Amino acid sequence: MSVPSRNVNRGGPSQSAAGGTEWPPSWNVQPHGISVGRYIDPAFMRLEYERLWSRVWQVAARLDEVPETGDYTTYEIGDQSVVIVRVDQSTIKAYHNVCPHRGTALAQGSGRFGSCRIICPFHGWRWDLAGNNQFVLERQEFRGGQLRDSDVALRAVQVAVFAGFVFINFDPNPQAFDEFIAPVRPFIEDLAIGDMHHYCSCRWGTR
Ligand code: FES
């Protein structure tokens, strides 16, 4: 992406003489709106990934993208990928979409895990839908034969379901979801969004 140099300090925030952080003018909020630098500066984007998306509740899917047990869909934000899975009629879970062996992505796009088993396409390690490992090829070869189940369980991401949306949060100790959603809860409930259904997606080439 080419970036107009007129508005952008490519170095991002800098230290002020007083030791505080000074933002480039191109990131300032103006009386008439938000400066363009916030939208196009890679340094601002990196800060968002580091300080916002890594710890905020965010919509990752609609419930009706995963209507049946074993259904999954994936969600990407920055360099992170998450797989969202319906475990049973009342349980949705989300995992880092990464095999704990060599980091292979466990799922692409959306679909259904056959026989309710998540199987890594690389060496066939296997998990149930709750993220418990069921199979490690040549298990005795790892950690001197002392591999624990917890070592190879899928790494869960925090999940909350509200109004048909599946929210995820990468922070293991996130803000309480009820507190997060409280300011907009009445508006969303008035719109009956929970009764609406998902018909198609325009995600970045994931489906
Ligand atoms: S990378 Fe997944 S089983 Fe080896």
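The residue numbering used here restarts from 1 in each chain and proceeds along that chain's sequence as written. The predicted nature of this model means local features are confined to residues of pLDDT at least 70 and side-chain atom pairs, given and counted, to a pLDDT of 80 or more, with totals for whole chains, interfaces and linings taken over all residues.

### Digging into the overall build of the chain
Reasoning step 1: Across its full length, the chain carries 4 helices and 14 strands.
Reasoning step 2: Taking all 207 residues of the chain together, the buried fraction comes to 20%. Helix numbers and strand numbers start at the N terminus; a helix is a DSSP run of H or I with at least 4 residues, a strand a run of E with at least 2. Here exposure depends only on C-beta density: within 10 Å of a residue's C-beta, 20 or more other C-beta atoms make it buried, 12 or fewer make it exposed, and intermediate numbers make it partly exposed, the C-beta atoms being placed from the backbone.

### Observations concerning the nonpolar core
Reasoning step 1: Nonpolar core, as used here: buried Ala, Val, Leu, Ile, Met, Phe, Trp, Tyr and Cys residues forming one set through C-beta atoms within 7 Å. Grouped together as the largest cluster of nonpolar side chains are 29 residues, with contacts concentrated most on Ala60, Val82, Val83, Ile84, Ala94 and Ile168.
Reasoning step 2: Mapped onto this core, the elements with two or more residues apiece are strand 5 (58-62), strand 6 (71-77), strand 7 (80-88), strand 8 (91-96), strand 13 (156-162) and strand 14 (165-169).
Reasoning step 3: When residues of this core are assigned to their parent elements, the largest contribution, 4 residues, is made by strand 7.

### Some points on the sheet that holds strand 8
The strands making up a sheet are joined through hydrogen bonds of the backbone, oriented either antiparallel or parallel.
Reasoning step 1: Two strands qualify as a pair provided DSSP detects at least 2 bridges between them. Strand order in this open sheet of 7 strands is 5-14-13-8-7-6-9, and the pairing throughout is antiparallel. Edge strands, defined here as strands with exactly one partner in the open sheet, are strand 5 and strand 9 (110-112). Pairwise comparison of adjacent strand axes, ignoring direction, gives a mean angle of 30 degrees for this sheet.
Reasoning step 2: Where strand 6 lies against strand 9, 3 bridges are found, and the strand directions are antiparallel. Counterpart to Tyr72 in the pairing with strand 9 is Gly111. Axis angles are defined between N-to-C directions and span 0 to 180 degrees, where every axis is a line fitted to C-alpha atoms and, for a helix, only to the segment in contact.

### Details of the pairing of strand 14
Reasoning step 1: Counting buried positions along strand 14 gives 4 out of 5 residues, so the element sits mostly inside the fold.
Reasoning step 2: Relative to strand 14, strand 5 runs antiparallel, the two sharing 4 bridges. Bridge assignment links Gln58 to a residue of strand 14, and that residue is Ile168.
Reasoning step 3: Here strand 13 pairs with strand 14 via 5 bridges, running antiparallel. Looking across to strand 14, one finds that Val161 is bridged to Val166.
Reasoning step 4: Between strand 13 and strand 14, which pair antiparallel in sequence order, lie 2 residues; one of them, Ala163, sits at a positive phi of approximately 50 degrees.

### Thoughts on unusual backbone geometry
Reasoning step 1: Of note in the backbone geometry, Cys116 takes a positive phi value of approximately 55 degrees without being a glycine.
Reasoning step 2: Mapped onto the secondary structure, Cys116 falls in the loop between strand 9 and strand 10 (117-119).
Reasoning step 3: Residues other than glycine seldom take positive phi values, yet Ala163 does so here, at roughly 50 degrees.
Reasoning step 4: Tracing the backbone through its elements, the reader meets Ala163 in the loop between strand 13 and strand 14.
Reasoning step 5: By C-beta crowding, Ala163 is classed as partly exposed, having 18 other C-beta atoms within 10 Å.

### Comments concerning the environment of Arg139
Reasoning step 1: You can see Arg139 is positioned in the loop between strand 12 (133-135) and strand 13.
Reasoning step 2: Arg139 gets classed as partly exposed once you count the C-beta atoms within 10 Å, which come to 13.
Reasoning step 3: Residues Arg139 and Trp125, spaced 14 residues apart in sequence, show a C-alpha to C-alpha distance of 9.8 Å.

### Thoughts on the sheet that holds strand 12
Reasoning step 1: In space, the 3 strands of this open sheet follow the order 10-11-12, with antiparallel pairing throughout. Bordering the open sheet on either side are strand 10 and strand 12, each of which pairs with just one other strand. In this sheet, adjacent strand axes meet at a mean angle of 35 degrees when their direction is disregarded.
Reasoning step 2: As defined by bridge partners, strand 11 (residues 126-128) adjoins strand 12 across 2 bridges and the pair is classed as antiparallel. Bridge pairing in strand 12 places Trp127 opposite Asn133.

### Overview of the confidence of the model for the chain
Reasoning step 1: Confidence per residue, as judged by the predictor, is encoded in pLDDT with a range of 0 to 100. Residues with a pLDDT of 70 or more make up 87% of the chain, whose mean pLDDT is 89.
Reasoning step 2: In this description, a residue-residue contact is defined by the distance between C-beta atoms placed from the backbone, which must lie within 7 Å. Ignoring residues within four places in sequence, the model shows residues 1-10, a span with pLDDT below 50, making 12 contacts including any to other chains.

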